[in-house]
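# A look at the structure
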Amino acid sequence: MSFEPTAAERLARARSDLRIGLPVVMVVGGRAALVAAPEVIAPDRLRAFLSDGDPVLAITHWRAETLKIRVYDGDLARLPLDPETAAADLRALIDPSGDLANPMKGPFFPLRGGDAELHRAAITLAKSARLLPAALVREVEGEGPEIAARHGLTWLDPAAPEGEPLDLAPVSPVVSARLPMSAGDGRLHIFRPPDGGEDHYAIEIGKPDRGAPVLTRLHSACFTGDVLGSLKCDCGPQLNGALAQMAEAGGGLLLYLNQEGRGIGLANKMRAYSLQDQGFDTVEANHRLGFEDDERDFRIGAAILGKMGVRTVRLLTNNPRKVDMLTGCGIEVTERVPLQVGRNPLNAAYLATKAAKSGHLL
């Protein structure tokens, strides 16, 4: 038996390494590169990273447009870096918290031409590690495993036959147990991906009939709303309202997906909140950070429903796009059931933005 890590296990290591400031080795299309997260890399490692080769900072097109950088690669821009680039200057490029106080950056001369797939994969990896969506990339000569072994680093090849896509991992049931709740007698099911990612939960109210459309909600984790009772969003009332509707209907299924902040993680969500305090709406804040409007992956929810034997649902949501996403994953949605709760004076602008820019029916 070999104890060599699988592709999924290497991916878990790579995410962890990036978060603590270690570079990793990525191989894409036969090209190998050192990849690091500019958000957390230490100054001494940054100097070493920039001291050789042709280091590049890869940022998403949203962040590039905020900085008025020409985008030649569709969804990203590649900025060549000088060996003397300081950590503070690098941070100013990727973190919009100081954009208003320090608006003058550049001039910028983004790369044009060539293949950007390696840089695209590096940004995807940074996103999956819940870091700011940017990556330091320096191509190197040699085979990925050999380069990694030489420096004691983790390596991964997302396109390897045994590899897992960086943005998706299957989930498997771990355990379930009865859970009496104020909403009624229920059962909590835990699901876990094999790549070291976060667990996801299914809360089963009553005993819903799998042979009929099951009243279902896909609820994304919201620590601020669900736990702290934040008035900036309507998540907490939606969570409690959905469970109450399921209890009243005699049964239902709520999937609690750990995709905080529409999939960008709690730290980045707080960065977005800080930008909202500067006057940007929720979508504009995500874009200034470099993220899409919504980074969530509802294929996870569809996979959990499939493992629970649910093929047809009545979906509790105000978001028609969620219906389309679930349908595209093979789950039949027979009805969209509105969930209009939680409006207050402090979240009125947030809800208006969701309606105007994200298509929510409120």
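Analysis parameters
Residues numbered from 1 in each chain as written. Predicted model: local features only at pLDDT ≥ 70, side-chain atom pairs only at ≥ 80, totals over all residues. Heavy atoms only, no water. Helix = DSSP H or I, 4+ residues; strand = E, 2+ residues; numbered from the N terminus. UniProt positions renumbered as here; feature names shortened; annotations may be inferred. Buried < 20%, exposed > 50% of the residue type's maximum accessible area, 1.4 Å probe, protein only. Contact = heavy atoms within 4.5 Å.

## Considering the environment of Pro 345
- Within the element layout of this structure, Pro 345 appears in the loop between β13 (332-337) and α14 (348-358).
- Spatially, the C-alpha atom of Pro 345 lies 27 Å from that of Tyr 256, the residues being 89 residues apart in sequence.

## Remarks on the UniProt feature "binding site: GTP" (unreviewed entry) in the protein chain
- In this numbering, the UniProt entry assigns the feature "binding site: GTP" (unreviewed entry) to Arg 217, Leu 218, His 219, Ser 220, Ala 221, Gln 238, Glu 260, Gly 261, Arg 262, Thr 282, Thr 317 and Lys 322. Maximum C-alpha separation among the annotated residues is 22.5 Å over a sequence range of 106 residues, too wide for a single clustered spot.
- In this structure, Ala 221 sits in the loop between β10 (214-220) and α7 (223-227).
- A relative accessible area of 7% means that Ala 221 is categorised as buried.
- Ala 221 has contacts with Asp 226, Tyr 256, Leu 257, Asn 258, Gln 259, Glu 260 and Gly 261, leaving out every residue within four places of it along the chain.
- Take Thr 282: it is sitting in helix α11 (residues 282-289).
- By relative accessible area, Thr 282 is classed as buried at 9%.
- Not counting residues within four places of it along the chain, the set of residues in contact with Thr 282 comprises Arg 262, Gln 276, Tyr 350 and Thr 353.

## Things to note about the UniProt feature "active site" (unreviewed entry) in the protein chain
- Mapped onto the present numbering, the UniProt feature "active site" (unreviewed entry) falls at Asp 294 and Arg 296.
- With respect to the secondary-structure elements, Asp 294 resides in the loop between α11 and α12 (299-307).
- Given a relative accessible area of 26%, Asp 294 falls into the partly exposed group.
- Within the fold, Arg 296 resides in the loop between α11 and α12.
- You can call Arg 296 buried: its relative accessible area is 18%.
- Not counting chain neighbours up to four residues away, the residues in contact with Arg 296 comprise Ser 220, Gln 259, Arg 262, Gly 263, Asn 319 and Lys 322.

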